[in-house]
Amino acid sequence: MGKLKIVAIFVMALWMGAVAAFAQAEQTFLIKDIVIEGLDQVALLPVMDQFTFAVGDTITVEDVRDTSENIFAMGLFNNVTPIPEEETDGVVLTFVLDENPVLQGIEISGNRQYQVSWDLIGLKIPFFWEVVKSDKLIEILEDNDVLPYQLINRNNLDAAIVAIQQLYQERGYSLFQIDMGNVYNSIVNGDMLRIPIVEFIIEEVQIEGLDAEFEEIARSMITLPTTEPVKAVVLNQTLTGLTESIYFVPSSSQPIEPLPGSKFDKVVLKFNLGPRTLIENTIQFSSVTFTGNSAYGKDRLRTNLSKWDPDAPLDNLELLHVLEGVFDLYHKNGYSNMNLSVNNLGDGQLEVVIDEGTVGDVSVRLNYDEGHTTVTLPNEGDIEVRHFQMDDTGQEVEVAGNLAHTKPYVLNRAVQVRPGQLFNANAIRDTVRTMLNLGYFDDVQVGFGPRLDNNQVDLNLTVIEKKKLGSLNGALSLSDTGLVGKLTVSEKNLFGTGQDIALDYDRGIFGPARTNWSLIYTANGFFPIYKDFSVRLFQSFERPTFDEELNRTGGELTLTYPFTSNIDLTMGGRHEIFQECLRNNQNCDPQGVTDSVKLGVLRDTRDTPIFPMQGGREFFQVEKAGGFSVGVEFTKVDAALIHHFFILEDQNISARLFAGWGEGMPSQEKFHLGGPGSIRGLVDKRVDTMTFMNLEYRIKWLDQFSTALFTDWGFSNRSELQGTMGLEARVAIPLVGMTRLILAWPVNDPNYTTFAPRFQFSFGDMF
């Protein structure tokens with residue numbers, strides 16, 4: 001409860017004492033008149049709307065209290081004081097209102113600027129940054145109508161403070177505080193709104209529950225910044241590193257406890273840890289056997305044991321050292337619920353009992369405005385679906401109607417974790433990435449149930465469906481040559497079935513009318529076995545050179561098979577008829593035919609497909625045409641290696657290395673070196689063999705807007721090494737998708753004689 005409200009209720013309590021005798025003598029009283037005093041900036045009518053009674057009504061003290069609280073809840077007053085005056089024919093009730101001040105200024109403090117250094121090849125480059133800039137905080141206040149020269153509305157101020165707190169949390173910081181007492185005091189005692197923010201810096205790390213040897217190990221694993229605020233993800237990673245090591249277990253329900261430091265902006269972090277205890281006394285053994293293991297064989301586990309002296313007794317810590325490699329093998333490969341214990345079998349034998357941990361129930365919750373749908377996924381058998389909707393009282397009740405869009409079987413195919421399987425964090429991460437890759441969901445959040453006695457944990461996924469998946473844009477008109485213009489129509493997750501369809505059509509308005517179109521159908525998880533199935537039909541006119549024109553018509557089929565949780569096999573075939581002519585269809589070559597098959601492997605380890613910060617993608621594909629059918633004969637091989645490196649919040653370095661090789665390829669099959677998809681700023685060339693590299697420093701400013709500083713370098717079998725550098729802006733436009741604006745400066749192009757950038761424009765992601 002805010003301080004202002006406490007003051008107002010206290011004043012009301014004093015008044016209630018003054019009229020207590022009156023109230024006891026007569027439980028009700030007649031209102032002769034109502035007087036409002038103290039209004040200056042606030043209009044009378046909104047205040048009168050808060051009254052639960054009128055002149056001439058017979059009311060109780062409770063009615064006065066309710067009305068006073070209603071007026072105070074408007075957020076416009078410091079105090080609301082009702083004063084009764086008894087007369088012979090009733091009570092004159094006066095409400096004395098103390099308006100909030102008119103805001104004259106805003107003062108924000110505590111959101112400090114921090115200096116850090118970026119180590120670049122041994123050279124420390126300093127730069128300054130802030131968690132949240134004051135301009136952003138002012139913008140939040142303005143968005144909530146907390147503005148200078150306006151009467152302060154306490155409700156708007158409270159909403160702005162909540163938005164500021166949410167912004168800090170969204171940016172990954174939890175160790176901060178807004179002194180609400182000083183915020184309210186600033187407007188009670190004056191007209192300057194002061195918002196003091198405390199961004200806590202770690203002053204000291206304390207470790208409770210460990211002896212000296214274990215504490216030394218723990219401190220070697222704790223590396224936290226002491227000159228800038230620490231992010232929640234760093235704290236979680238540190239705690240995970242401790243509790244998922246063989247040496248420690250949490251000793252409290254609050255493993256990390258923040259305590260006050262020596263100064264107002266300092267904090268002491270206390271880690272509550274206990275040693276993992278496998279034995280109470282020393283033991284001596286010469287051989288180790290394993291039970292309970294299924295993810296790894298016994299021979300593999302033995303190779304991960306550290307050496308020990310079979311003739312010397314080992315204490316608990318020394319035994320942990322011996323078994324550390326086995327424990328880490330499981331945990332570093334995602335089996336984060338794995339635990340172990342030991343039994344001394346005698347005769348020099350030690351039994352290591354491994355509890356790998358399993359998944360309990362698996363459920364997906366699809367949230368929507370009116371309620372939610374819960375889909376429980378079994379290992380075998382039918383999928384359980386339950387729908388819940390808000391009733392008139394705001395409670396969720398089960399209903400028969402379905403408000404979710406995505407069909408349960410689409411979720412069943414996307415979720416790669418099943419009840420009874422070994423608990424593996426990597427498989428859960430791959431499931432989230434697969435679901436986001438579908439493009440049907442805004443967010444996928446992971447939650448877990450409590451760990452049961454049998455080391456089983458329920459998995460709960462919360463999904464937010466996208467409300468707009470389709471698009472329609474473009475313009476068409478009739479002319480002497482027929483229908484001309486451009487049209488793009490797409491629909492994703494058609495009827496919730498995991499099927500996508502997209503149509504692109506364009507026909508030249510100026511010059512000879514050439515029709516280009518493509519129709520793409522994709523089924524994600526609709527067909528058994530395959531991860532997705534795609535069919536593309538197309539017709540296109542291209543100009544390899546200024547005087548040539550290439551007509552291509554055909555279709556292709558692609559099947560994707562999930563080999564592992566993050567490795568896919570792709571297979572496909574293409575049939576195409578092509579013909580090259582001089583412009584205006586003069587001197588055309590005979591029609592040619594391309595019949596080809598493709599085989600590819602894709603490995604995806606990105607943390608998320610939406611602005612990935614870690615992980616990457618590796619791709620290798622071979623295409624072979626001819627030899628098994630009539631038509632052109634060629635071989636085409638391409639491969640890509642992509643990786644993302646975390647730098648700061650919403651900032652990363654992304655790199656791509658691409659190589660392509662071909663033999664016997666006609667012009668339309670050659671690789672494109674240059675242009676928005678490879679080396680930006682260079683003219684597109686068609687080549688048989690090429691290698692290029694892209695290096696980007698990416699910054700995401702908003703969810704829909706990011707920028708990249710880049711440098712591109714590459715060469716082909718017909719050119720020397722060429723490079724560019726520049727800036728790219730990327731905007732996600734509704735109904736259009738990712739739009740890229742490129743400014744590039746060639747580095748070693750002899751034809752480039754000015755400093756003006758080369759401008760390019762493109763759609764879709766770079767990589």
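Use the structure listed above.
Residues numbered from 1 in each chain as written. Predicted model: local features only at pLDDT ≥ 70, side-chain atom pairs only at ≥ 80, totals over all residues. Heavy atoms only, no water.

Student: Any chance you could explain the environment of F72 here in plain terms?
Tutor: Within the element layout of this structure, F72 appears in helix α4 (residues 61–72). Taking the relative accessible area as the measure of exposure, F72 reaches 6% and is therefore buried. In this structure, the C-alpha to C-alpha distance between F72 and R154, residues 82 residues apart in sequence, is 9.6 Å. (Helix = DSSP H or I, 4+ residues; strand = E, 2+ residues; numbered from the N terminus. Buried < 20%, exposed > 50% of the residue type's maximum accessible area, 1.4 Å probe, protein only.)

Student: Would you mind going over a nonpolar patch on the surface with me for this structure?
Tutor: Together, L709, M725, L727, L741, L743, W745, V747, F759, F761 and F763 make up a nonpolar patch on the protein surface, roughly 940 Å² of accessible area in all. Among the elements of the structure, β38 (719–733), β39 (737–746) and β40 (758–763) are those that each provide at least two residues to the nonpolar patch. Looking at the element boundaries, L727 is found in strand β38. Given the relative accessible area of 37%, L727 is considered partly exposed. (Patch = residues over 30% accessible without salt bridge, like charges linked within 9 Å, V, L, I, M, F, W, Y side chains within 5 Å. Areas by Shrake-Rupley, 256 points an atom, 1.4 Å probe, with all protein chains shown as cover. Salt bridge = Lys/Arg side-chain N within 4 Å of Asp/Glu carboxyl O.)

Student: What is the right way to look at the packing of helix α6 (residues 154–170) against helix α7 (residues 180–188) in this model?
Tutor: The relative placement of two packed helices is expressed as an angle between their axes plus a distance between the axes. Remark: α6 packs on α7, axes separated minimally by 12 Å, with the N-to-C direction vectors making an angle of 150 degrees. As the angle between them shows, α6 and α7 are arranged roughly antiparallel. As for how α6 packs across α7, the hand of that crossing is right-handed. The residues of α7 that touch α6, namely those facing R154, L157, D158 and I161, are M180, V183, Y184 and I187. The residue inventory of the contact of α6 with α7, partitioned by class, reads 6 nonpolar, no polar and 2 charged. (Axes fitted to C-alpha atoms, helices over the stretch in contact; angles between N-to-C directions. Parallel < 35°, antiparallel > 145°, perpendicular 65-115°, else oblique. Left-handed = near helix turned anticlockwise from the far one by under 90°. Contact = heavy atoms within 4.5 Å. Nonpolar A, V, L, I, M, F, W, Y, C, P; charged D, E, K, R; others polar.)

Student: Sorry, what's going on with the state of the cysteines here?
Tutor: All chains considered together, the criterion is met by 1 disulfide. Here C581 engages in a disulfide with C588; their sulfurs sit 2.0 Å apart. Given an S-S torsion of about 110 degrees, the disulfide between C581 and C588 has right-handed geometry. (Disulfide = S-S within 2.5 Å.)

Student: Help me out: how do you make sense of the nonpolar core in this one?
Tutor: Note that soluble globular proteins tend to have their nonpolar side chains buried in a common cluster. Formed by 50 residues in total, the largest nonpolar core has its most connected members in F248, F271, L319, L323 and V352. Elements supplying a minimum of two residues to this core: β10 (201–208), α8 (212–221), α9 (232–243), β13 (266–275), β14 (287–291), α11 (316–332), β15 (339–346) and β16 (349–355). Of the residues forming this core, the biggest block, 9 residues, is contributed by α11. The contacts of F248, once residues within four sequence positions are left out, are L210, F214, I217, A218, M221, L242, T243, L273, G274 and R276. Counting 28 residues, the second-largest nonpolar core is a separate cluster that includes V364, A427, L461 and V463. (Core = buried A, V, L, I, M, F, W, Y, C linked by side-chain atoms within 4.5 Å.)

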